[in-house]
Amino acid sequence: MELTDRSTGNHAWRVELTPFRRPYLDVDGTVCVPLWLCRDGEHITDTTLRLRPSEAAPFREHIDRVLGDVGPVDGRNQT
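Cut-offs used in this document
Residues numbered from 1 in each chain as written. Predicted model: local features only at pLDDT ≥ 70, side-chain atom pairs only at ≥ 80, totals over all residues. Heavy atoms only, no water. Helix = DSSP H or I, 4+ residues; strand = E, 2+ residues; numbered from the N terminus. Buried < 20%, exposed > 50% of the residue type's maximum accessible area, 1.4 Å probe, protein only. Contact = heavy atoms within 4.5 Å. Areas by Shrake-Rupley, 256 points an atom, 1.4 Å probe, with all protein chains shown as cover. Patch = residues over 30% accessible without salt bridge, like charges linked within 9 Å, V, L, I, M, F, W, Y side chains within 5 Å. Salt bridge = Lys/Arg side-chain N within 4 Å of Asp/Glu carboxyl O. Pairing = 2+ DSSP bridges.

**Student:** I'd like a description of the overall build of the protein chain, backed by residues and values.
**Tutor:** Counting its secondary structure elements, the protein chain contains 1 helix and 4 strands. Secondary structure elements in the protein chain, listed N-terminal to C-terminal, are β-β-β-β-α. Looking at the protein chain as a whole, 13% of its 79 residues are labelled buried. Nonlocal contacts in the protein chain, meaning residues at least 24 apart in sequence, comprise 18% of its contacts between residues at least 6 apart. Element-wise, carbon and sulfur atoms account for 54% of the exposed surface of the protein chain, whose accessible area totals about 6700 Å².

**Student:** Which residues make up a nonpolar patch on the surface, and what values do they have?
**Tutor:** Nonpolar side chains collect at one region of the surface, where Leu49, Phe59, Ile63 and Leu67 lie side by side and expose about 370 Å² of accessible area between them. Ranked by the residues each element gives to the nonpolar patch, the list is headed by helix H1 (residues 53-68), at 3 residues. Tracing the sequence through the fold places Phe59 in helix H1. Phe59 gets classed as partly exposed once you look at its relative accessible area, which sits at 42%.

**Student:** Account for the pairing of strand E3 (residues 31-39), with residues named and values stated.
**Tutor:** Sheet analysis places strand E1 (residues 13-17) next to E3, joined by 5 bridges and oriented antiparallel. Bridge pairing in E3 places Leu17 opposite Leu35. Pairing analysis gives 2 bridges linking strand E2 (residues 24-25) to E3, with the strands arranged antiparallel. Along E3, the bridge assignment pairs Tyr24 with Cys32. Between E2 and E3, which pair antiparallel one after the other, the connecting turn spans 5 residues, and Gly29 there sits at a positive phi close to 85°. As judged from the 9 bridges shared by E3 and strand E4 (residues 42-51), these two strands associate in the antiparallel manner. From the neighbouring strand, Val33 faces E4, where its bridge partner is Leu49. Between E3 and the antiparallel strand that follows it, E4, lie 2 residues; Asp40 among them carries a positive phi value of about 50°.

**Student:** Describe in detail the pattern of salt bridges, supporting the description with residues and values.
**Tutor:** One pass over the full model with this rule turns up 3 salt bridges. Where Arg14 meets Glu16, a salt bridge forms, and the shortest distance between an N and an O atom there is 3.4 Å. Linking Glu55 and Arg52 is a salt bridge whose minimum nitrogen-to-oxygen distance equals 3.0 Å. On the basis of relative accessible area, Arg52 is assigned to the exposed category, the value being 51%.

Don't take any of this as a statement about function, it's just geometry.
Right, here's the structure in full:
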């Protein structure tokens with residue numbers, strides 16, 4: 001996921017899945033997704049996206065819907 005627009009000349013920030021680490025459930029049932037924060041292609045830090053089960057279910061449904069759609073979507077706020 002790119003966090004800035006390269007056309008502006010600002011640093012290009014990206015959020016990437018951490019290589020060799022899979023999402024997991026912690027002891028409280030929280031869904032944890034290990035991520036890297038990168039700037040201009042350089043790894044800056046590790047972080048973890050944490051979602052309660054009530055947040056993870058709709059997130060998964062949205063991703064499943066996006067993956068099932070055909071072709072790119074214009075704009076960022078499409079439903």
